[in-house]
Amino acid sequence: MPSVKFQKGDMVMGRWPGSSLYYEVKVLNFNAKSQLYTVIYKDGTELELKEQDIKSTVGFQTRARSRSRSKSPGRRRSRSRSPARTTRRSSSRTAAAVAAAAITESAPSSRREAKLKEALEVRLSPIDQTKPAENNSNNKHEKKEENNTANKVNEVEAEPDKNQSRYNLRRRKDDGDAKQEEVKPEEVGEKEAKPAAAPAAIPTSLDFGGKIGAYFWLLFLPAWVLFLTLQVNLKDPSLANFPPPVPPLETFFDAQALGFVVLWILFQALLYVLPVGKLSEGMPLRSGERLKYRTNGFFAIVVSSLVTAAAVYQGVDLTYIHSNFLQLAVASFLVSVLLSVYLYVRSRYVAPERLALGGNSGNVVYDFFKGHELNPRIRDFDLKFFCEMRPGLIGWCLINFAMALAEMKQQHLEAPSHSMILVNLFQLLYVVDGLWNEEAILTTMDLMHDGFGFMLAFGDLVWVPFTYTLQAYYLVSHPNPLSFPALTVIITLKLVGFYIFRKSNSQKNAFRRNPSDPTLSHLKTIPTATGKSLLVSGWWGVVRHPNYLGDLIMALAWSLPCGCSHLLPWYYMIYFIILLVHRDSRDMSDCRRKYGSAWDEYCRTVRYRIIPRVY
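Counting restarts for each chain, with residues numbered from 1 along the sequence as it is written. It should be noted that, the model being predicted, local features are given only for residues of pLDDT at least 70 and side-chain atom pairs only at 80 or more, the latter also being counted only at that level, while totals for whole chains, interfaces and linings use all residues. Remark: hydrogens and water are excluded; side-chain values derive from all non-hydrogen atoms of the structure.

A.B. asks: Teacher, can you tell me more about the pattern of salt bridges here?
C.D. replies: Two side chains carrying opposite charge are able to pair once their charged atoms lie near each other. We define a salt bridge as a side-chain nitrogen of Lys or Arg found within 4 Å of a carboxyl oxygen belonging to Asp or Glu. Applying the stated criterion to the full structure yields twelve salt bridges. Notably, a salt bridge pairs lysine 292 with glutamate 281, separated by 3.4 Å at the nearest N-O pair. A residue pair is termed long-range when its members are at least 10 positions apart, and lysine 292 in strand 10 (residues 292-295) and glutamate 281 in strand 9 (residues 278-281) qualify at eleven residues. Burial here depends on accessible area, computed with a 1.4 Å probe over protein chains only, as a share of the maximum for the residue type. Under 20% is buried, over 50% is exposed, and the range in between is partly exposed. The exposure class of lysine 292 is partly exposed, given its relative accessible area of 43%. Two residues, glutamate 373 and arginine 346, come together in a salt bridge whose shortest N-O distance is 3.1 Å. Here glutamate 373 is found in the loop between helix 11 (364-370) and strand 11 (377-378), whereas its partner arginine 346 is found in helix 10 (residues 325-347), with 27 residues between them in sequence. Runs of E in the DSSP output that reach at least two residues are strands. Runs of H or I that reach at least four are helices, and both are numbered from the N terminus.

Listed below in structure tokens is the structure:
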């Protein structure tokens, strides 16, 4: 059995993955099977490191002293001018004054003394050690101070390469001088420093099959929507009738359909920017910044409904949506592709801290698919938030309503069938609830972690409005009468699912925004090393994702009105199971990385993921 070099509880220096920077960490445990040490940084981050990436604190300090005694141009200066000697003569000097003196070592004596007297407060942030440091002896341009939420780490020092030995030294805003200057680590010694925003440059593990998977999904998703659109339009939409007949190529694109799609998006954008509704704060970003969002989605769907009703009253034939469903889907796809290209191009010119961790792989195709920039904005217009909640979601309800009118026209009915009414009302309630509680989406994975790229743009503008409406589309040509007992069961299922979904989501959103809220004091939690707590009470003590459970029950209620003659109207139910299971696995790996042993305790406390006693 190989000996373990570092023991549990040891304070050592751990290398940050992907760099040559070392930070003080605490050893939590050693996995003999994987030969990896689990360590925790001062900011609460837990990582697994190899033994060669860990150095003892004593050895690290010895190397620092030996480097400081080495012959270098910075050490050949006269001892009489050494700021270190100056500060030793005055024990009242702060560590910050020593660092400030090291910077001005070659400046005139009067300037050096003036800076020493200021006793400026400074902080160190490591420069990327992967490139040779440039000669930056000239004055630096002014830079804005970045918020850094990590705790200070004592005795932090990188083990530089031959040409890599510089750190950025920046004053605080209130110093009145925002110019950057540089100092060599051997001249500063072992000072306090905060970890740089290194995580912003290090992507998390790749999802959706990685780089190869990105190519697959870019081709598969549009093809799948096309298949569903052609299949549901068949007289017999059985999957045995595969492949569906493909219409002539010229029928796929229609300029008028493209015009309607663009007009609809612009109309929703106009409603979004109107100064109506609440300005809500998003969750803190890695920089500490909190973006503001105009949450007036309920206002938008009310106005959209009134405009739609007025259009129908004026004689506008909304059954055009049913008869040109394919052309509208293709037009929306073209808009989503153009938007995705714009999003990726603009993301190449934004600051690194504005990139999404999951979409920062360095591979163009993967980052284009997953989303490179976290919160792309045109001034205060948040593109991701707008697309998530407006054109596709409200468009979903518009298409359902058009399908009800098409059913009446095609089946020669005076009113929609009971099945069509249930599908319309159930899905309308789901959308209205989401827009009424629009602020809650600000704490979801999409808004907090996923970048905005093809995956979300296509999903918001094409996938949601043109696949979530399959039940209504199916019922236009395939009526399914419902008995009173069947109606009762379906409505009960919907109400139960909606209650679980809304109650758990409201509880989660309130807890994430303010865990210390007195109204939540009765809830049980598990503390973590990051300072956050894991909720193990209420619905969140039954399963780990009660909101997913409510979603699945509602999906069942949406599919039952279509009967069981064909699998196609059950597509949403099947797709949602796959989606939520995949989201759960992403959530599991992400939380285990962030919370470590606390997450293991949480999993022991809340055993089931989505369905009690099943999964």
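Resuming the write-up.
A.B. asks: Teacher, can you tell me more about the state of the cysteines here?
C.D. replies: By definition, a disulfide links the sulfur atoms of two cysteines through a covalent bond. Any two cysteine sulfur atoms within 2.5 Å of one another count as a disulfide. The full count for this structure, using the stated rule, is zero disulfides. Cysteine 603 supplies the cysteine sulfur nearest to cysteine 591, a cysteine that is in no disulfide, at a spacing of 8.5 Å. On the basis of relative accessible area, cysteine 591 is assigned to the buried category, the value being 9%.

A.B. asks: Help me understand helix 20 (residues 571-595), please; the structure alone is not making it clear to me.
C.D. replies: For an α-helix, 3.6 residues make a turn, and residues three or four places apart therefore share a direction. When the terminal C-alpha atoms of helix 20 are compared, their 35 Å separation across 25 residues agrees well with the 36 Å that a helix rising 1.5 Å per residue should span. Tyr571, Tyr572, Met573, Tyr575, Phe576, Leu580, Asp584, Arg586, Met588, Cys591 and Tyr595 are the residues of helix 20 that are buried. Looking one or two residues beyond helix 20, the residue adopting positive phi is glycine 596, at roughly 60°. In this scheme, a helix's expected span is set at 1.5 Å multiplied by one less than its residue total.

A.B. asks: How should I be thinking about the packing of helix 6 (residues 210-232) against helix 16 (residues 454-467) in this particular structure?
C.D. replies: Angle between the axes and distance between the axes: these two values describe a pair of packed helices. Helix axes are fitted to C-alpha atoms over the stretch in contact, other axes to C-alpha atoms as well, and angles between N-to-C directions run from 0 to 180 degrees. At their nearest, the axes of helix 6 and helix 16 sit 11 Å apart, and the two run at 10° to each other. The angle between helix 6 and helix 16 places the two elements in the roughly parallel class. Residues Leu218, Leu221, Pro222, Trp224, Val225 and Leu228 of helix 6 form the contact with helix 16, whose participating residues are Phe454, Phe458, Val462, Trp463 and Thr467. Looking at the contact of helix 6 with helix 16 residue by residue, the class counts come to ten nonpolar, one polar and no charged. Working definition: roughly parallel below 35 degrees, roughly antiparallel above 145 degrees, roughly perpendicular at 65 to 115 degrees, and oblique for all remaining angles. We call two residues in contact when some of their heavy atoms are within 4.5 Å. Side-chain classes follow a simple rule in which Ala, Val, Leu, Ile, Met, Phe, Trp, Tyr, Cys and Pro form the nonpolar group, Asp, Glu, Lys and Arg form the charged group, and the remainder, Gly included, forms the polar group.

A.B. asks: Looking at this structure, how should I read the nonpolar core?
C.D. replies: The tendency in soluble globular proteins is for nonpolar side chains to be buried side by side. Within the largest apolar cluster, 100 residues are counted, with the highest numbers of intra-cluster contacts made by Phe385, Trp396, Met403, Phe452, Trp463 and Tyr468. Contact partners of phenylalanine 452, with chain neighbours within four places excluded, come to Leu339, Leu343, Gly371, His372, Glu373, Leu374, Pro376, Leu383, Lys384, Cys387, Ala457 and Asp460. Residues grouped as a nonpolar core are buried Ala, Val, Leu, Ile, Met, Phe, Trp, Tyr and Cys residues, joined through side-chain atoms within 4.5 Å.

Function cannot be read off these values alone, since they describe shape.
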